[in-house]
Amino acid sequence: MRIKKNRSWVYLFPALMDFSVAAVLIFSAIKAVELGAKPVMVGALGSVWGITYFISSLVLSRIITRKNSAKFMIFSCAGFVCIGLFFGLFESLRSLFVLLFAGGLFSAFFFVGFQLFMEHSGGTSASRASAFYTLSWSSGMAFGSIAEGFLMTEGLLWSQFPVLIPALVVISGILMFQRTNNKADLYPEIQNNNISDSIVEAYTKIAWIEIFTVTLVTGGIRYLLPKMTISFFHFSHTQAALTVFLFFVLQAMSGYLSAFFKFLGYNLAAHNLLKLLAAAGLIATVLFPCGFFVFLFVCILGIYAGHAFWASVFYAINHRIRAGFNVGINESLVGVASVAGPFLSGTMLNLGLTYFLLFPCFVFILSSFLQRTSLKKFYISA
């Protein structure tokens, strides 16, 4: 009988990588505000990341396998090291578009690769693997955002560290993992948690709708938060970064804890309830536009996002036959939504704060309707 190795430490990789990713995103968003960019332009800037990530994910889904995933992850980290070394070149609006193009490209190399890598490297169930993954990358985004927000005020040299150091550490970690684990020890451990195949199949579609929804809504809001809080609520750079930090902290906690409550798994009502709470937070901020309610809606949105991302990854990798295909579809939808989200949110913010905050509510309504229809059609045809 083969003894399982505890390799949970590999989930530090996405945390460190997203520390670098968050630093690049916060740097570009705040720098765009400093350069006087309008909301639509800031949104278009954020969409560049999504366009690149989408196209790269589609191409990489045909190239990356479990066996070569580590090589692509190392290449991704090397790319972020280069970005960090040349941070001083990104001082104009045009150069920020180049920065986000490169960031989206190297991000796809890592995260498509890691989701295949973690299938056989973490040694845990699909539910726990999704929880660790959501906790990890969300925590990285949280601390990377707040670190870059603080360090930008200290000068260019300090702002490079959140990009450079985590990427270098991940490269070292991957190499160490390969040396200390024989290929024979890397075997699939993803299980379906005794859920029937028909339920797993039905909720694969729910996952696709959910990951598109959460990325469209939160991707746009997150990237526009610095612009919104600085321009409309007169937050400082540090306070603006703090809102992003709180969002990701709550997302990390929510995503991790979701694995411990079975009713949050294959349960459409849980998705609808969390969407309703997120919409209530947004509406409350429209009615009471002050700093307290900004932080409140950010926290509630983070809780919704954590569960949504956890469920989407869980539903995808819990499919015993098509896990790799489902992951590829998930990441492609993340890319598409990452294009549309910042652009649409930027357009809404350009029209006014009320439009910016109410637009996600309509997205939630449409998403819930599509999910309910999808599940209903499945059971009718089954």
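Criteria and thresholds
- Residues numbered from 1 in each chain as written.
- Predicted model: local features only at pLDDT ≥ 70, side-chain atom pairs only at ≥ 80, totals over all residues.
- Heavy atoms only, no water.
- Core = buried A, V, L, I, M, F, W, Y, C linked by side-chain atoms within 4.5 Å.
- Buried < 20%, exposed > 50% of the residue type's maximum accessible area, 1.4 Å probe, protein only.
- Helix = DSSP H or I, 4+ residues; strand = E, 2+ residues; numbered from the N terminus.
- Contact = heavy atoms within 4.5 Å.
- Phe/Tyr/Trp six-rings, centres within 6.5 Å; stacked < 30°, edge-to-face > 60°.
- Patch = residues over 30% accessible without salt bridge, like charges linked within 9 Å, V, L, I, M, F, W, Y side chains within 5 Å.
- Areas by Shrake-Rupley, 256 points an atom, 1.4 Å probe, with all protein chains shown as cover.
- Salt bridge = Lys/Arg side-chain N within 4 Å of Asp/Glu carboxyl O.
- Axes fitted to C-alpha atoms, helices over the stretch in contact; angles between N-to-C directions.
- Parallel < 35°, antiparallel > 145°, perpendicular 65-115°, else oblique.
- Left-handed = near helix turned anticlockwise from the far one by under 90°.
- Nonpolar A, V, L, I, M, F, W, Y, C, P; charged D, E, K, R; others polar.
- Expected span 1.5 Å × (residues − 1).

Engineer: Explain the nonpolar core residue by residue, including any values.
Structural biologist: Counting residues in each nonpolar core, the largest one holds 115 residues, and the members touching the most others are F80 and F297. Considering every element that reaches this core, the biggest residue donor is helix α7 (residues 197–233), with 16 residues. The residues touching F297, leaving out its near neighbours within four places in the chain, are I221, L225, M228, G281, L282, T285 and L357.

Engineer: Give me the packing of aromatic side chains: which residues, what numbers.
Structural biologist: This structure, assessed with the given rule, holds 28 aromatic pairs. Ring centres 5.7 Å apart and planes at 20° place the aromatic pair F235 and F295 in the stacked group. With F235 in the loop between α7 and α8 (237–257) and F295 in helix α10 (residues 291–317), this pair connects stretches of sequence that are 60 residues apart. An aromatic cluster is present here, built from Y11, F110, F111, F114, F132, Y133, Y256 and F260 joined pairwise through their rings.

Engineer: How would you explain a nonpolar patch on the surface if you had to name every residue and give the values?
Structural biologist: Where nonpolar side chains cluster on the molecular surface, the patch consists of I51, I55, L58, V59 and I63 and spans about 410 Å² of accessible area. With respect to the secondary-structure elements, I51 resides in helix α2 (residues 39–60).

Engineer: Provide a residue-level description of the pattern of salt bridges, including the pertinent values.
Structural biologist: Within this structure, the stated rule accounts for three salt bridges. Between E34 and K31 there is a salt bridge, and its shortest N-O distance comes to 3.6 Å. With E34 and K31 both in helix α1 (residues 12–34) and three residues apart, the pair spans about one turn of that helix. Taking relative accessible area as the criterion, E34 reaches 43% and is therefore assigned partly exposed. Exposure remark for K31: the relative accessible area of 11% places this residue in the buried category. The partner of E210 in a salt bridge is K275, and the shortest N-O contact between them spans 2.7 Å. Placement of the pair is E210 in helix α7 and K275 in helix α9 (residues 268–287), with a sequence separation of 65 residues.

Engineer: Could you give an account of the environment of T213, naming the residues involved and the relevant values?
Structural biologist: Note on placement: T213 falls in helix α7. Judged by its relative accessible area of 4%, T213 is buried. In this structure the C-alpha to C-alpha distance between T213 and G341, which are 128 residues apart in sequence, comes to 9.3 Å. Sequence-distant contacts of T213, that is, excluding residues within four places in its chain, are made with K275, Y304, V363, F364 and S367.

Engineer: I'd like to hear about the packing of α9 against α10, residue by residue, with values.
Structural biologist: Put simply, α9 and α10 touch, their axes get as near as 8 Å, and they point 160° apart. Classified by the interaxial angle, the pair formed by α9 and α10 is roughly antiparallel. α10 is crossed by α9, and the crossing has left-handed handedness. In contact with A270, H271, L274, K275, L277, A278, G281, L282, A284 and T285 of α9, α10 contributes F293, V294, F297, I300, L301, I303, Y304, H307, A311 and Y315. Classifying every residue of the contact of α9 with α10 by side-chain character gives 15 nonpolar, four polar and one charged.

Engineer: Describe the packing of α1 against α2, naming the residues involved and giving the relevant values.
Structural biologist: Interhelical geometry of α1 versus α2 gives an angle of 155° and a closest axis separation of 10 Å. In terms of orientation, α1 and α2 fall into the roughly antiparallel class. Crossing of α1 over α2 shows right-handed handedness. Contacts from V21, V24, L25, S28 and A32 in α1 reach V42, L45 and W49 in α2. Here the contact of α1 with α2 is built from residues that sort into seven nonpolar, one polar and no charged.

Engineer: I'd like a rundown of the environment of V339, residues and numbers included.
Structural biologist: Among the structural elements, V339 can be located in helix α11 (residues 323–351). For V339, a relative accessible area of 23% puts it in the partly exposed group. In the structure, V339 is positioned 289 residues away from G50 in sequence and 4.3 Å away in space, judged by C-alpha atoms. Excluding its chain neighbours within four sequence positions, the residues that come into contact with V339 are S47, G50 and I51.

Engineer: Give me the side chain of S345: which residues, what numbers.
Structural biologist: Locating S345 in the fold gives a position in helix α11. You can call S345 buried: its relative accessible area is 5%. In this structure S345 touches G220, I221, L224 and F356, once residues within four positions along its chain are discounted.

Engineer: Mind laying out the environment of G46, listing which residues take part and the relevant values?
Structural biologist: Here G46 lies in helix α2. The buried category is assigned to G46, whose relative accessible area is 6%. Spatially, the C-alpha atoms of G46 and Y223 are 6.6 Å apart, while their sequence positions differ by 177 residues. Apart from residues no more than four positions distant in its own chain, G46 is found in contact with L100, Y223, S338 and P342.

Engineer: I'd like a rundown of unusual backbone geometry, residues and numbers included.
Structural biologist: Despite not being glycine, H234 shows a phi value in the positive range, around 60°. As for its position among the elements, H234 is in the loop between α7 and α8. For H234, a relative accessible area of 65% translates into the label exposed.

Engineer: Could you give an account of α10, with specific residues and numbers?
Structural biologist: Spanning 27 residues, α10 covers 39 Å between terminal C-alpha atoms, matching the ideal 39 Å at 1.5 Å per step. Most of α10 is tucked away: 20 of the 27 residues are buried.

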